[in-house]
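In case you want the letters, here they are:
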Amino acid sequence: LHSGRIAGEHAHAAAVQKKQQEASELTATLVQDRKRARLISLFRTGAWILFVGVSFHVFGRIIPSLTSVFLAIHYVVAPAAVAVLLTAAYEARGQKRRNRLMVQMDTRESRWHARAGRALAIVLILQVVLGVLARILNRMGPAPERRNPYRVAALGLLHRILGWTLLALVAAMFYTSR
């Protein structure tokens with residue numbers, strides 16, 4: 001009976017020590033020479049540039065007198081946002097484990113963050129393809145009176161749905177990066 005009590009006390013002490021060790025690993029501090037917040041800065045910059053680009057697209061449709069100017073700005077700003085966001089995703093994917101800023105790797109949150117990042121990259125690429133396709137069809141396609149109105153409406157609707165999905169995924173990336 002006595003040895004069972006001693007074994008139990010040791011097991012309890014080992015469990016407490018293990019929990020303390022895991023907690024200290026989760027609250028690791030950044031070593032200035034190795035870890036930088038470059039990815040976070042890239043993502044934030046890309047997200048804000050994307051917001052500006054989407055805003056110009058939306059306001060270009062709301063204010064008819066400025067449509068051509070606002071859409072021209074959108075066609076410059078939106079690809080820049082995509083380039084910045086995809087650069088951040090590429091660097092995050094290739095980052096070494098010891099240099100990662102998210103110290104709670106292999107947790108539910110980090111897995112959701114990685115999934116949201118992959119989805120964001122895929123939707124960004126699809127959105128660019130649809131945007132370029134819409135631009136080509138609107139500029140070089142048949143005359144407006146000969147265009148298939150269903151195709152134009154379907155392409156526009158899909159582009160908008162993907163756009164809203166894109167903004168939701170950017171928000172998900174912010175939310176899951178804790």
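Residues numbered from 1 in each chain as written. Predicted model: local features only at pLDDT ≥ 70, side-chain atom pairs only at ≥ 80, totals over all residues. Heavy atoms only, no water.

K.L.:
What exactly am I supposed to notice about the packing of helix α2 (residues 38–62) against helix α3 (residues 67–93) here?
P.N.:
Helix packing geometry: the angle between the two helix axes and the distance between the axes. For the pair α2 and α3, the least separation of the axes is 7 Å and the interaxial angle reads 160°. Taken together, the axes of α2 and α3 are roughly antiparallel relative to one another. Relative to α3, the crossing made by α2 is left-handed. Taken together, the residues of the contact of α2 with α3 sort by class into 20 nonpolar, eight polar and three charged. (Axes fitted to C-alpha atoms, helices over the stretch in contact; angles between N-to-C directions. Helix = DSSP H or I, 4+ residues; strand = E, 2+ residues; numbered from the N terminus. Parallel < 35°, antiparallel > 145°, perpendicular 65-115°, else oblique. Left-handed = near helix turned anticlockwise from the far one by under 90°. Nonpolar A, V, L, I, M, F, W, Y, C, P; charged D, E, K, R; others polar.)

K.L.:
Just to check I follow, could you spell out α3 for this structure?
P.N.:
Because each turn of an α-helix spans 3.6 residues, side chains separated by three or four positions in sequence point in the same direction. Given a rise of 1.5 Å per residue, 27 residues ought to cover 39 Å, and the 38 Å separating the end C-alpha atoms of α3 matches this to within 8%. Here α3 has its buried residues at T67, F70, L71, H74, V77, A78, A81, V82, V84, L85 and A88. (Expected span 1.5 Å × (residues − 1). Buried < 20%, exposed > 50% of the residue type's maximum accessible area, 1.4 Å probe, protein only.)

K.L.:
Explanation requested: the confidence of the model for the chain in the structure shown.
P.N.:
The predicted structure's coordinates, where accompanied by low pLDDT, should not be read in detail. Chain-level pLDDT for the chain is 79 on average; 79% of the residues reach the 70-or-more range. The element-level mean pLDDT for the chain is lowest in helix α1 (residues 2–26), coming to 75, with α3 highest at 89. (pLDDT = per-residue confidence, 0-100.)

K.L.:
So what exactly am I meant to see when it comes to the packing of α2 against helix α5 (residues 149–175) here?
P.N.:
Close contact between α2 and α5 brings their axes to 11 Å; oriented N to C, the two are set at 150°. By the angle between their directions, the pair α2 and α5 is classed as roughly antiparallel. In this structure, α2 crosses over α5, and the sense of that crossing is left-handed. Every residue of α5 that contacts α2 at F43, R44, A47, L50, V54 and H57 is listed here: H159, L166, L167, V170, M173 and F174. Here the contact of α2 with α5 is composed, by residue class, of nine nonpolar, two polar and one charged. (Contact = heavy atoms within 4.5 Å.)

K.L.:
Explanation requested: the nonpolar core in the structure shown.
P.N.:
What tends to happen in soluble globular proteins is that the nonpolar side chains get buried as a cluster. Counting 18 residues, the largest nonpolar core has F43, L50, L120, L124, L166 and V170 as its most contacted members. Of all elements in the fold, only α2, α3, α4 (108–140) and α5 reach the threshold of two or more residues within this core. Apart from the residues lying within four places of it in its own chain, the contact partners of L166 are L50, L120, V123, L124 and Q127. (Core = buried A, V, L, I, M, F, W, Y, C linked by side-chain atoms within 4.5 Å.)

K.L.:
How do you make sense of a positive patch on the surface when you look at a structure like this?
P.N.:
Residues R93, R111, R115 and R118 make up a contiguous surface patch of positive charge. Looking at which element gives the most residues to the positive patch, the answer is α4, with three residues. Along the chain, R115 falls in helix α4. (Patch = residues over 30% accessible without salt bridge, like charges linked within 9 Å, V, L, I, M, F, W, Y side chains within 5 Å. Areas by Shrake-Rupley, 256 points an atom, 1.4 Å probe, with all protein chains shown as cover. Salt bridge = Lys/Arg side-chain N within 4 Å of Asp/Glu carboxyl O. Lys, Arg positive; Asp, Glu negative; His and termini not counted. Charge placed at Lys NZ, Arg CZ, Asp CG, Glu CD.)

K.L.:
Help me out: how do you make sense of the side chain of H57 in this one?
P.N.:
Position of H57 among the secondary structure elements: in helix α2. Not counting the four nearest positions on each side in its chain, H57 is found in contact with L71, H74 and H159.

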